[in-house]
Amino acid sequence: MKQILLKKGMVYSVEIPEPATKAGYVKIKVFHSCISAGTEITGISESRKSLLRKVIDKPQKIITAAGYLKNQGLKSTKDKISSISDKYLESGYSISGQVVEIGKDVNNLSEGDWVAAGGMGFATHAEYVLVPKNLVVKLPKNLDTLYASTATVGAISLHGVRRADLKIGEYGVVFGAGLLGLIAVQILKSAGVRVACIDINPERINLAKSSGAELVIDSSLEDPVNSIRNWSSGYGADAVLFAANTSDSKPLSQAFQMTRKKGKVVLVGVSGMHINRKDIYSNEIDFLISTSYGPGRYDDDYELKGIDYPYPYVRWTENRNIAEFLRLLNAGAVDLDLLNPTIYNFNDFSKAFEDLQ
């Protein structure tokens, strides 16, 4: 089978064996996979970095290498480093397709089911994938696999909205109109929240407006803090979802400043993390982190071993968030056609990634 892999800043289609089914996992024939611009471009950039650059960016790896050197010797350490630096990296984490095989202990799915699936290293850009059962969700009847392939990305936006905990009629701001932000705008709008969206890209700002944002702001042309305060009758936003991807700390500072007293800022995207105490202290701003698709993420017992969290105690796991986003798509509460998606044939993978960059 073919799989899209990254190496040294380049994107390749590589012929590899199909994955073998195992207990607790589901083998899926992929019909569509979603390219998430921010994550995919970051992956290409990471694969391009030299080993020295990676060490500078993550100096804790020096300690790991030193421990390996002590235990395994110089030659083994050099061989290990060489193998890592020459390694292909997988890409993609949100797919849709049809179940072709199921492993032991998978009781809620059958061969032939149409599903969406997620997970880095599992739901990759490939012809076939093998995914742990807790990261696989059946599609609602009649939902197109094209739209369903965004389910994992949509679950990230949905979990951010849950963390913000905005109510009907409250003021919500989405800072950053990338894919995550634009989906969040539609989810908030469908929940009865008054939504503003901020970006610096005119095309994305127009998409935010067509997605239902009541107010759109180009922060390169106007002060977003004043604009949000004027819009919210001088009080400030009840919550800000920070969905931008930047190393600059200024936008996050602006997010704090536009939030009302005792309001919330939820970090969904990436930001520089130099935080001014004066931005948050006097107004008692809550700064929350939204971890990917929701509860269960980064927990091997949940993701790899298939141990679910009890429904009465963890209402919205990552699996249940993915399922709910699929329901929102099927009900028309989220309309991806408004975002003007571009569809590429698998064999046009190089053009897809070139267009992203």
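Residues numbered from 1 in each chain as written. Predicted model: local features only at pLDDT ≥ 70, side-chain atom pairs only at ≥ 80, totals over all residues. Heavy atoms only, no water.

Q: How should I be thinking about the confidence of the model for the protein in this particular structure?
A: A low pLDDT score tells you not to read the predicted coordinates there in detail. In this model, the protein carries an average pLDDT of 90, and 86% of its residues clear a pLDDT of 70 or more. Taken as a whole, residues 80-85 scores under 50 in pLDDT and shows three contacts with residues more than four places along the chain or in a different chain. (pLDDT = per-residue confidence, 0-100. Contact = heavy atoms within 4.5 Å.)

Q: I would appreciate a short explanation of the sheet that holds strand β9 (residues 171-175) in the present structure.
A: Hydrogen bonding along the main chain pairs the strands of a sheet, whether they run parallel or antiparallel. A sheet is described by the order of its strands in space; here six strands give the open sequence β11-β10-β9-β12-β13-β14, paired in parallel fashion. Every interior strand has two partners, whereas the edge strands, β11 (215-218) and β14 (286-289), have only one. Sheet twist, expressed as the mean angle between neighbouring strand axes with direction ignored, is 20 degrees. Across five bridges, the pairing between strand β12 (residues 237-242) and strand β13 (residues 259-267) is parallel. Its bridge partner lying in β13, Ala237 is registered against Thr259. Sheet strands in contact with helix α10 (residues 250-257) are β9, β12, β13 and β14, and its direction is about 145 degrees off that of β13. (Pairing = 2+ DSSP bridges. Helix = DSSP H or I, 4+ residues; strand = E, 2+ residues; numbered from the N terminus. Axes fitted to C-alpha atoms, helices over the stretch in contact; angles between N-to-C directions.)

Q: Looking at this model, I keep getting lost on the pattern of salt bridges. Mind explaining?
A: Side chains that differ in sign of charge can pair as their charged atoms come close. Within this structure, the stated rule accounts for 12 salt bridges. The shortest N-O distance in the salt bridge between Glu214 and Arg194 comes to 2.5 Å. On the criterion of sequence distance, the pair formed by Glu214 in the loop between α8 (202-210) and β11 and Arg194 in strand β10 (residues 194-199) is long-range, its members being 20 residues apart. Taking relative accessible area as the criterion, Arg194 reaches 31% and is therefore assigned partly exposed. (Salt bridge = Lys/Arg side-chain N within 4 Å of Asp/Glu carboxyl O. Buried < 20%, exposed > 50% of the residue type's maximum accessible area, 1.4 Å probe, protein only.)

Q: Can you walk me through a nonpolar patch on the surface in this structure?
A: Side chains of Met10, Tyr12 and Tyr88 sit close together on the surface and give an oily, nonpolar patch of about 280 Å² of accessible area. Of note, Tyr88 is situated in the loop between α4 (74-85) and β4 (89-90). Look at Tyr88 and you get partly exposed, because its relative accessible area is 35%. (Patch = residues over 30% accessible without salt bridge, like charges linked within 9 Å, V, L, I, M, F, W, Y side chains within 5 Å. Areas by Shrake-Rupley, 256 points an atom, 1.4 Å probe, with all protein chains shown as cover.)

Q: Just checking my understanding: could you explain the side chain of Lys133 for this structure?
A: Residue position: Lys133 is located in the loop between β7 (128-132) and β8 (136-138). Buried charged residue Lys133 carries no salt bridge. Nearest counter-charge: Asp105, at 6.3 Å. Side-chain polar atoms of Lys133 contact the backbone oxygen of Asp105, separated by 2.7 Å. Among residues more than four places away in sequence, those in contact with Lys133 are Gly24, Tyr25, Val26, Asp105, Val106, Gly306 and Asn319. (Lys, Arg positive; Asp, Glu negative; His and termini not counted. Polar contact = N/O pair within 3.5 Å; in protein donor to acceptor, adjacent residues only side chain to side chain.)

Q: Sorry, what's going on with the packing of aromatic side chains here?
A: Two numbers describe a pair of aromatic rings. These are the distance of the centres and the angle of the planes. One pass over the full model with this rule turns up eight aromatic pairs. Pairing Tyr302 with Tyr309 gives two aromatic rings, centres 5.0 Å apart and planes at 40 degrees, and the pair type is tilted. Look at Tyr302 and you get buried, because its relative accessible area is 0%. Here Lys7 stacks its cationic end above the ring of Tyr88, 4.9 Å away from the centre of that ring. (Phe/Tyr/Trp six-rings, centres within 6.5 Å; stacked < 30°, edge-to-face > 60°. Lys NZ or Arg CZ within 6 Å of the ring centre and 35° of its normal.)

Q: In this structure, what is going on with the packing of helix α6 (residues 151-164) against helix α13 (residues 318-331)? I would like to understand it.
A: Two numbers describe how α6 lies on α13: the axes approach to 8 Å, and their chain directions differ by 100 degrees. Classified by the angle their axes make, α6 and α13 are roughly perpendicular. Side by side, α6 and α13 meet where Ala151, Thr152, Gly154, Ala155, Leu158, His159 and Arg162 of the first sit next to Asn321, Ile322, Glu324, Phe325 and Leu326 of the second. (Parallel < 35°, antiparallel > 145°, perpendicular 65-115°, else oblique.)

Q: Would you mind going over the environment of Trp114 with me for this structure?
A: Of note, Trp114 is situated in strand β6 (residues 114-118). Look at Trp114 and you get partly exposed, because its relative accessible area is 35%. Through-space distance from the C-alpha of Trp114 to that of Lys29 is 9.6 Å; in sequence the pair is 85 residues apart. The contacts of Trp114, once residues within four sequence positions are left out, are Phe31, Gly97, Gln98, Val137, Lys138, Leu139 and Thr145.

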